[in-house]
Number of protein chains: 2
Amino acid sequence: MNKTFNFFLVSDSTGETVDRIYLALKAQFPKNIYKIHHFAFMRTTTQTATLIKACKGTENPIILYTLVEKKTTNHIINECKAFNIPCFGLLDYLIPQFEKIFKQKATLKPSGQHVLNKEYYKKIEAMQFTLQHDDGQKLDTAVDADIIILGVSRTSKTPTSLYLGERGFKVSNIPLVQHQILPDNIFKSSATKVGLVIDPSRLFDVRKTRINILNDKLSSAYINMNTIETEIKTSKKIFTLNKIPIIDVTRKSVEETAAAIIKIIEIQKQND
Amino acid sequence: MNKTFNFFLVSDSTGETVDRIYLALKAQFPKNIYKIHHFAFMRTTTQTATLIKACKGTENPIILYTLVEKKTTNHIINECKAFNIPCFGLLDYLIPQFEKIFKQKATLKPSGQHVLNKEYYKKIEAMQFTLQHDDGQKLDTAVDADIIILGVSRTSKTPTSLYLGERGFKVSNIPLVQHQILPDNIFKSSATKVGLVIDPSRLFDVRKTRINILNDKLSSAYINMNTIETEIKTSKKIFTLNKIPIIDVTRKSVEETAAAIIKIIEIQKQND
């Protein structure tokens with residue numbers, strides 16, 4: 001019998017940090033059933049009272065929070081003690097430790113991560129660039145990217161690009177289409193270039209699913225096993241010829257592919 | 001004098017969790033100068049040896065890690081003790097606590113978050129849908145979204161949509177263009193609808209910057225203050241008339257707007 005646990009993810013801002021820790025913990029205990037309840041922008045004790053009331057109405061409630069403001073935090077801690085609700089402040093231990101290391105007080109200002117500063121606007125610009133250069137669009141400005149991702153259709157170029165865009169990288173993703181020759185400046189660009197490949201039989205499955213879902217009217221070559229094998233082989237040749245590092249995405253999630261790309265960038269930086 | 005601290009973000013997988021905690025801590029101590037070094041996919045003691053060597057070569061090194069495997073973790077802890085490097089395992093305290101609460105052992109498998117399961121494919125599908133329905137594309141299938149975002153040009157509809165797409169929501173974003181009438185089924189759709197508005201003078205600045213950056217040849221009405229004021233006023237009227245909740249994005253980051261949208265969804269769920 002697997003129990004259901006109700007997780008209350010509480011934050012004084014958007015809740016991304018508490019979300020990530022929750023996912024990391026959940027991955028370590030895959031057998032339970034989890035329900036999540038988001039409480040973002042928690043700033044007042046009226047709001048914490050609503051939270052505690054909601055907790056009491058569910059079975060096995062657990063609170064994870066990333067609040068920095070003392071009044072709301074203390075209110076939650078005291079209520080949780082009184083009602084025996086497990087409650088974890090993810091920064092409560094770390095912030096005092098870092099006050100010691102840095103020899104300064106933490107600002108304890110909520111939402112500190114979301115200042116609309118230069119860094120933020122750079123990220124938005126990166127997302128915009130990435131979107132405009134999806135799937136081989138605007139080939140003439142593709143060379144201005146931080147990263148150029150190449151690969152045949154359905155090697156997860158687009159989600160990987162969006163993910164990297166959201167992390168502040170300007171990405172161009174360019175599909176390799178048979179018998180089409182890419183402009184030379186793509187290969188000469190100073191952007192980090194990566195080639196995505198995938199196991200042909202896996203690609204066959206992915207493309208078949210796509211056709212079923214989208215009712216795409218695509219040519220039969222798109223899901224012909226021989227053509228797929230040739231496509232992948234040709235793409236590998238292009239990558240090798242142009243000294244482009246290859247990532248096999250067969251058993252990789254988008255996040256893992258993105259992390260592998262970031263690793264390549266860092267290795268190249270070190271070698272510069 | 002603000003010190004420079006070298007943060008080593010160490011993970012056995014993609015490093016998203018450790019990244020978030022680092023950002024949360026950094027936001028609390030904005031005066032320092034930070035350099036970050038990513039060490040993702042840390043799985044062997046040979047890799048941890050490289051990490052410790054890199055730490056020793058920098059000033060004020062600090063390690064944050066989200067490793068679950070004992071051998072690598074112990075190696076790092078011992079080396080850090082020997083060389084006096086501050087070192088924080090972000091899950092080391094939480095996992096044993098949750099073993100008690102759940103009355104079961106953690107799997108301690110690295111990369112547990114990135115299983116290619118149903119949930120993962122749902123997310124990829126959501127990103128795909130969101131991309132295909134950006135900026136009023138495919139209006140006929142826009143109604144199948146989880147969320148429909150409406151607003152005049154440059155109210156951050158696109159980055160907000162991509163952000164929500166990456167979180168597993170299918171989003172359609174539709175620009176409100178003057179004198180254009182949206183199909184009725186958009187308003188009748190069961191998707192959560194939100195209207196984005198912005199302070200007219202802020203919108204004026206944003207659009208002006210856009211024209212400068214992209215060399216866009218847009219009509220002068222696009223950056224005419226009177227027209228902008230009318231556009232915003234009209235959009236508010238449409239939202240009110242159709243009972244669409246309004247979010248003012250003037251001082252909001254994309255993450256905050258997205259979190260506000262998720263909050264609206266949860267309130268609507270509760271009222272259903």
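The numbers attached to residues start from 1 for each chain and follow its sequence in the written order. For this description, chains carry letters from A and ligands carry numbers from 1, given in the order in which they are written. Residues qualify for local features only when their pLDDT is at least 70, as the model is predicted, and side-chain atom pairs are given and counted only at 80 or more; totals for whole chains, interfaces and linings, by contrast, use all residues. For side-chain calculations, the full set of non-hydrogen atoms in the structure is used, while hydrogens and water are omitted.

J.: I'm lost on the interface of chain A and chain B in this one. Help?
T.: Many structure descriptions define interface size as the accessible area lost when the parts assemble. Residue contacts follow a heavy-atom distance rule, with two residues in contact if any of their heavy atoms lie within 4.5 Å. Opposite the 80 residues of chain A that make contact, chain B presents 80 residues. As a working definition, buried area equals the accessible area (1.4 Å probe) given up by two parts on being put together, with both sides summed. When the two sides are added together, the surface that chain A and chain B hide from each other amounts to roughly 6900 Å², 63% of it contributed by carbon and sulfur. Counting the surface chain A buries against chain B, the share from its top three residues, Arg20, Gln28 and Phe29 of chain A, is 10%. The working definition used for a salt bridge is a side-chain nitrogen of Lys or Arg within 4 Å of a carboxyl oxygen of Asp or Glu. Summed over the shared surface of chain A and chain B, the result is six salt bridges. Glu255 of chain B serves as the salt-bridge partner of Lys123 of chain A, at 2.3 Å between the closest nitrogen and oxygen. By the criterion applied in these results, polar contacts are pairs of N or O atoms within 3.5 Å in which, for protein atoms, one can donate a hydrogen and the other can accept it, and in which residues neighboring in sequence qualify only through two side-chain atoms. Counting across the interface, chain A meets chain B through 22 residue pairs in polar contact (both at pLDDT 80 or more).

J.: I tried to follow unusual backbone geometry on my own but got confused; where do I start?
T.: It is generally the case that most residues other than glycine have a negative phi and that most peptide bonds are trans. Residues and elements named next belong to chain A. Within the chain, Lys103 stands out as a residue other than glycine whose phi angle is a positive 55°. When you line up the elements, Lys103 lands in the loop between helix H4 (94-102) and helix H5 (118-132). What makes Lys103 exposed here is its relative accessible area of 71%. By definition, any uninterrupted DSSP run of H or I lasting at least four residues is a helix, any uninterrupted run of E lasting at least two residues is a strand, and each is numbered from the N terminus. We call a residue buried when its accessible area falls under 20% of the maximum for its residue type, exposed when it is over 50%, and partly exposed in between, using a 1.4 Å probe and counting protein chains only.

J.: What's the story with the sheet that holds strand S2 (residues 33-39) of chain A in this structure? I'm lost.
T.: Within a sheet, neighbouring strands are paired by backbone hydrogen bonds and run either parallel or antiparallel to one another. All names here are of chain A. In space, the four strands of this open sheet follow the order S2-S1-S3-S4, with parallel pairing throughout. The open sheet has two edge strands with one neighbour each: S2 and strand S4 (87-89). Strand-to-strand twist of the sheet, defined as the mean angle between neighbouring strand axes without regard to direction, takes the value 20°. Packing against the sheet, helix H1 (residues 16-28) makes contact with strand S1 (4-10), S2 and strand S3 (61-65), and its axis sits at approximately 155° to S1. When DSSP finds two or more bridges between a pair of strands, those strands are recorded as paired. Every axis in this analysis is a line fitted to C-alpha atoms, fitted for helices over the stretch in contact. Angles between the N-to-C directions lie between 0 and 180 degrees.

J.: Whenever I open this one, the sheet that holds strand S7 (residues 192-197) of chain A confuses me. Can you help?
T.: All names here are of chain A. In spatial order, the strands read S6-S5-S7-S8; together these four strands make up an open sheet with parallel pairing. This sheet does not close on itself; its edge strands, each paired only once, are strand S6 (171-175) and strand S8 (246-248). The mean inter-strand angle of the sheet, taken between neighbouring strand axes irrespective of direction, is 25°. For S7 and S8, the ladder comprises three bridges, and the chain directions are parallel. Note that in S8 the partner of Val197 across the bridge is Asp248. Relative to S7, helix H10 (residues 254-271) is tilted by about 145°, and along the sheet it contacts strand S5 (147-151), S7 and S8.

Shape is all these values report; function is a separate question.
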